[in-house]
Amino acid sequence: MIIQIGSSDYLFKELEKNNEIIRFSRSKENYFDINDQSSWIELEKVAEKNNKFCISVGVLQKKRITDQTKEDISNSFFTNCISIVLLCEKLLSINSNARIIIISSESGLKGSFDETYFLSKSALNRYVEERSVGTNQQLVSISPSTIEDSNMTIARKDKERLEQYKSMHPKKRFLSMVEVANLINYLFDDNSKYICNENININGGKFARMKNT
């Protein structure tokens, strides 16, 4: 049983192929708002008896930090970092066997047009790396590059720019959601419990700089 927290339909469909899923989000039967702890009650009940949690929550703004209001910046930090940290702390306190996988972003490494998003994800990744957990607990983040069939990529309007990025990528393609789901399934396998406090980048080698020439 995997508890998916977030609104990613494509990730849900891939995970559902090999797992039983309970999903919490703002748009589904089990209502959940990452920034409203009063909506966490049902999730907390489920967390007492289930220990695998996949958190896929995020908001990316289409404007630079200099054009964002204080409310924009606050909402971004809370959605992309602070509220996720608070949720992890809650889950770790509720379940001594909690295994948590957070879907982060490569923006935490390389930066973003939305600097608030970059700073939030960078801080979140550091939390994952430094927050020690119990003997039977696990805390990992995954930082994917552009996922071709994700909600965020499909909603983008700059299709020509995306095609340019794809042509420059060493793999000549973007990441697929099934590849993300496969990694999640592997990390939740009992043989992978030793992988902990790691931020795993999946970018197809796009940042490799040493050339074999």
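Throughout this description, residue numbers start from 1 for each chain and increase along the sequence as written. It should be noted that, the model being predicted, local features are given only for residues of pLDDT at least 70 and side-chain atom pairs only at 80 or more, the latter also being counted only at that level, while totals for whole chains, interfaces and linings use all residues. As a convention, hydrogens and water are excluded, and side-chain values are obtained from all of the structure's heavy atoms.

A. View of the pattern of salt bridges. Salt bridge criterion: a side-chain nitrogen from Lys or Arg within 4 Å of a carboxyl oxygen from Asp or Glu. In total, this model carries 12 salt bridges according to the counting rule given. For the salt bridge of E115 with R64, the shortest nitrogen-to-oxygen distance reads 2.5 Å. Here the residue E115 occupies a position in helix α5 (residues 115-130), and R64 occupies one in the loop between β4 (52-56) and α3 (70-94), the gap between them amounting to 51 residues. Owing to a relative accessible area of 18%, E115 belongs among the buried residues under this scheme. Only protein chains enter the calculation, and the probe is 1.4 Å; a residue is then buried if its accessible area is under 20% of its type maximum, exposed if over 50%, and partly exposed in between. Classification of R64 by relative accessible area gives partly exposed; the value is 36%. A salt bridge links E106 to K206, with the nearest nitrogen and oxygen atoms 3.0 Å apart. Of this pair, E106 sits in the loop between β5 (99-103) and α4 (107-110) while K206 sits in the segment after β7 (198-202), and the two are 100 residues apart along the sequence. Three or more residues joined by partner-sharing salt bridges are found here, namely R126, E129 and E130. Note on conventions: DSSP H or I runs of at least 4 residues are helices, E runs of at least 2 residues are strands, and numbering of each starts at the N terminus.

B. Spotlight on unusual backbone geometry. Positive phi, close to 60°, is recorded for K172, a residue that is not glycine. Position of K172 among the secondary structure elements: in the loop between α7 (159-168) and α8 (177-188). On the accessibility criterion, K172 (54% relative accessible area) is exposed. The phi dihedral of N197 falls on the positive side, at around 55°, and the residue is not glycine. Residue position: N197 is located in the loop between α8 and β7.

C. Quick peek at the sheet that holds β5. Strands are labelled as partners when DSSP assigns at least two bridges between them. As summarised here, the arrangement of the 7 strands in space is β3-β2-β1-β4-β5-β6-β7, forming an open sheet in which the pairing is parallel. The open sheet is flanked by β3 (30-31) and β7, the only strands paired with a single partner. The pairing of strand β2 (residues 21-25) with β3 spans 2 bridges and is parallel. In the sheet register, F24 faces β3, and the bridge partner there is N30. The contact criterion used is simple: two residues touch if any of their non-hydrogen atoms lie within 4.5 Å. Here, axes are lines fitted to C-alpha atoms. For helices the fit covers the stretch in contact, and angles between N-to-C directions go from 0 to 180 degrees. Packing against the sheet, α5 makes contact with β5, β6 (138-144) and β7, and its axis sits at approximately 145° to β6.

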